[in-house]
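Examining the three-dimensional arrangement
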Amino acid sequence: LLSKLKDPSLAIDKALIAGEWVATSESGNTFDVTNPSTGEVIATLPDMNRAETVRAIDAAHTAQKAWAKKTGKERAGILRKLYELLVANADDLAVILTMEMGKPLAEAKGEILYGASYVEWFAEEAKRVYGDTIPGHQEDKRIIIIKQPVGVVAAITPWNFPNAMLARKFAPAVAVGCAMVSKPAAETPLSALALALLAERAGLPAGIFSVILSTDAVSVGKEFTENDKVRKLTFTGSTAVGKILMRQGADQIMKLGLELGGNAPFIVFDDADLDAAVEGAMVSKYRNNGQTCVCANRLYVQAGVYDAFARKLAEKVAAMKVGDGFEPGVNAGPLITDKAVAKVQEHIADAVAKGASIAIGGKPDARGGLFFQPTILTGVTSDMKIAREETFGPVAPLFKFETEEEVIAMANNTEFGLASYFYSKDISKIFRVAEALEYGMVGINTGLISTEVAPFGGIKQSGLGREGSKYGIDDYLEIKYLCLSV
Ligand code: ADP
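None of the values given here were measured: they were computed from a predicted structure.

1. Concerning the sheet that holds strand E16 (residues 395-401)
If you walk across this open sheet you meet the seven strands as E14-E15-E16-E13-E12-E18-E19, and the pairing is mixed. Looking at the sheet topology across the chains shown, the edges are occupied by strand E14 (357-360) and strand E19 (441-444). On average, adjacent strands in this sheet sit at an angle of 25 degrees to one another, irrespective of strand direction. Sheet analysis places strand E13 (residues 296-302) next to E16, joined by four bridges and oriented parallel. Bridge pairing in E16 links Tyr-300 to Phe-399. Lying on the sheet, helix H11 (residues 338-353) is in contact with E14, strand E15 (375-380) and E16; it crosses E15 at an angle near 30 degrees.

And the structure:
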């Protein structure tokens, strides 16, 4: 890893706890981080637990008070500097990301710039935490609304976007004057450490941001939810774990931000621009090798264009290059773990057993390891596992539908409500369908919707709260109402 970096100091094997870089855990335990493309160990890190978590929370609790007193402009200045450092070091940060997570280097760099865009955005928003005045309800009353940081925020983040998922929690939290204690996924902690180092270099005071390294997510999660110095927990990951954390947080009525699983429908109507729909499906389905919570999980294609869409999509998929993210031209890296490969295989086997056909792919890649062939299934129906569960892999299941009514019912027939997509040129239909889809986000004639300027988030069991945009800052603020008698 070190030989690939212009600035080797960005490859860190210590946790950042309470303002100090800590090389060993109290238990003395360690864990390895491996490159999913090669299986090689790229770092050995201290494996921490509740004791270190408590230390980080205590420091955050103390440091947050002074941080909240700074002006928005002062906090904005530090975040702005961090944004510049992220951009200046984007190549190195992308190398670290590809090394620990496997995605193609170009996509990794895209993620770094995407993560940085949240830091830039919330640096700007730090200065705009406006309150309000309300005309009093009695002659002598003056009503003033102020917004204050919630306090210490705990963050738990997943491996699929090791930089961006943390950056978009960290940036709004520190922008408004919160302190954050984070626990990145044990598969991909190095990107979080590099972010923390750059934040330190940008001038973030000690204790405001800690990164706990741990394979015992259960214990760290318990401390995060049971420690009453933590006022909010923000989590991106599976719905199953989101439910556990919500239950745990109930005892102290903890504020929660939850970005959970999805089961995104991608609908292609007969009147769609078919080439644009194929392009959108490629981006939405195969980006990050299908391992994003907004990836198209169910592709519904209207009967009149079903065969043509399947053929065009297969042509594109056939041209994909699977391989190590550092190889030029690769656009599909490995899956993250053996478990992920097994889930993809299980979904394919179940669909085939129930009558689906494999149009292309369907098997582990010839390279072995965690590589899997980009796959298209045709003749997929609602009784198959793939219709209900998030596959999180490079499999595009094509369902055939006849009417708008039918496809909306199928699209909404899920407990999830994160992203959805559809393609049509009929303006009336566009509004009808966009309003009928029970999702937090709707991509219309586009397969790529993520941006820091818009609110990212889901409804139903896909989560609580929004990240990014002017709405995203509210998740880290409390409203206080002052009633003054004059
Ligand atoms: P996935 O690994 O499929 O992305 P998870 O929800 O299992 O989804 O993991 C997301 C994050 O949640 C990771 O950082 C993981 O370590 C953490 N995590 C997993 N289980 C728990 C738990 N019981 N309590 C707290 N955090 C957890």
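2. Notes on the packing of aromatic side chains
Evaluation of the coordinates by the stated rule reveals eight aromatic pairs. Taking the centre distance of 6.3 Å and the plane angle of 85 degrees together, the rings of Phe-269 and Phe-422 count as edge-to-face. In this pair, Phe-269 is assigned in the loop between strand E12 (264-268) and helix H9 (274-286) and Phe-422 in strand E18 (residues 419-423), connecting sequence segments 153 residues apart. Given a relative accessible area of 0%, Phe-422 falls into the buried group. Among the aromatic residues, those joined into a cluster by ring pairs are Phe-266, Tyr-421 and Tyr-423. Against the face of Phe-326 rests Lys-4, its NZ or CZ located 4.2 Å from the ring centre. Of note, Arg-367 hangs over the ring of Phe-371, and the distance from its end group to the ring centre comes to 5.5 Å.

3. Section: the sheet that holds strand E5 (residues 132-134)
The strand order across the open sheet built from three strands is E5-E6-E22, with neighbouring strands paired in antiparallel fashion. Every other strand in the sheet has two partners, leaving E5 and strand E22 (477-485) as the edge strands with one partner each. Going across the sheet, the axis of each strand differs from the next one's by a mean of 25 degrees, ignoring polarity. Bridging between strand E6 (residues 141-149) and E22 involves nine bridges; their strand directions are antiparallel. Looking across to E22, one finds that Lys-147 is bridged to Ile-479.

4. Section: the site of the ligand
Surrounding the ligand, one finds 15 residues, the nearest of these being Thr-157, Trp-159, Lys-183, Phe-235 and Ser-238. Between the ligand and the protein, one listed contact pairs an oxygen atom with a side-chain N or O atom of Trp-159 at 3.2 Å. Here Lys-183 contributes a side-chain N or O atom positioned 3.0 Å from an oxygen atom of the ligand. Relative to its free-state accessible area of 550 Å², the ligand is covered by the protein chains to the extent of 76%. Among the elements of the structure, helix H7 (217-226), strand E10 (230-236) and helix H8 (239-250) are those that each provide at least two residues to the shell around the ligand. When residues in the shell around the ligand are grouped by element, the largest group, three residues, is from H7. Residues belonging to the shell around the ligand are distributed by class as follows: nine nonpolar, five polar and one charged.

5. Things to note about the pattern of salt bridges
Throughout the structure, instances matching the rule amount to 25 salt bridges. The shortest N-O distance in the salt bridge between Asp-58 and Lys-229 comes to 2.7 Å. Here Asp-58, found in helix H1 (residues 50-69), pairs with Lys-229, found in the loop between H7 and E10; they are 171 residues apart in sequence, far enough to count as distant. Note on Lys-229: relative accessible area 29%, which makes it partly exposed. Of the charged contacts, one joins Asp-271 and Lys-429 as a salt bridge, the two residues approaching to 3.3 Å between their closest N and O atoms. One end of the pair, Asp-271, is in the loop between E12 and H9; the other, Lys-429, is in helix H14 (residues 427-436), with 158 residues separating them in the sequence. Judged by its relative accessible area of 11%, Lys-429 falls in the buried class. A single salt-bridge network, built from bridges that share partners, covers Lys-6, Asp-91 and Lys-109.

6. Remarks on helix H5 (residues 164-176)
Between its first and last C-alpha, H5 extends 19 Å over 13 residues, near the 18 Å set by a 1.5 Å rise per residue. By the criterion of burial, H5 is predominantly enclosed, with 13 of the 13 residues buried.

7. Let's talk about the side chain of Glu-111
Counting through the fold element by element, Glu-111 comes out in helix H4 (residues 105-125). Owing to a relative accessible area of 3%, Glu-111 belongs among the buried residues under this scheme. Of note is the side chain of Glu-111, whose polar atom sits 2.6 Å from the side chain of Lys-103. Within the structure, the side chain of Glu-111 is placed 2.9 Å from the backbone nitrogen of Ala-164, a separation counted as a polar contact. Setting aside its immediate chain neighbours within four residues, Glu-111 contacts Leu-97, Lys-103, Asn-160, Phe-161, Pro-162, Asn-163 and Ala-164.

What counts, and where the lines are drawn
Residues numbered from 1 in each chain as written. Predicted model: local features only at pLDDT ≥ 70, side-chain atom pairs only at ≥ 80, totals over all residues. Heavy atoms only, no water. Pairing = 2+ DSSP bridges. Helix = DSSP H or I, 4+ residues; strand = E, 2+ residues; numbered from the N terminus. Axes fitted to C-alpha atoms, helices over the stretch in contact; angles between N-to-C directions. Contact = heavy atoms within 4.5 Å. Phe/Tyr/Trp six-rings, centres within 6.5 Å; stacked < 30°, edge-to-face > 60°. Buried < 20%, exposed > 50% of the residue type's maximum accessible area, 1.4 Å probe, protein only. Lys NZ or Arg CZ within 6 Å of the ring centre and 35° of its normal. Near = heavy atom within 4 Å. Polar contact = N/O pair within 3.5 Å; in protein donor to acceptor, adjacent residues only side chain to side chain. Areas by Shrake-Rupley, 256 points an atom, 1.4 Å probe, with all protein chains shown as cover. Nonpolar A, V, L, I, M, F, W, Y, C, P; charged D, E, K, R; others polar. Salt bridge = Lys/Arg side-chain N within 4 Å of Asp/Glu carboxyl O. Expected span 1.5 Å × (residues − 1).

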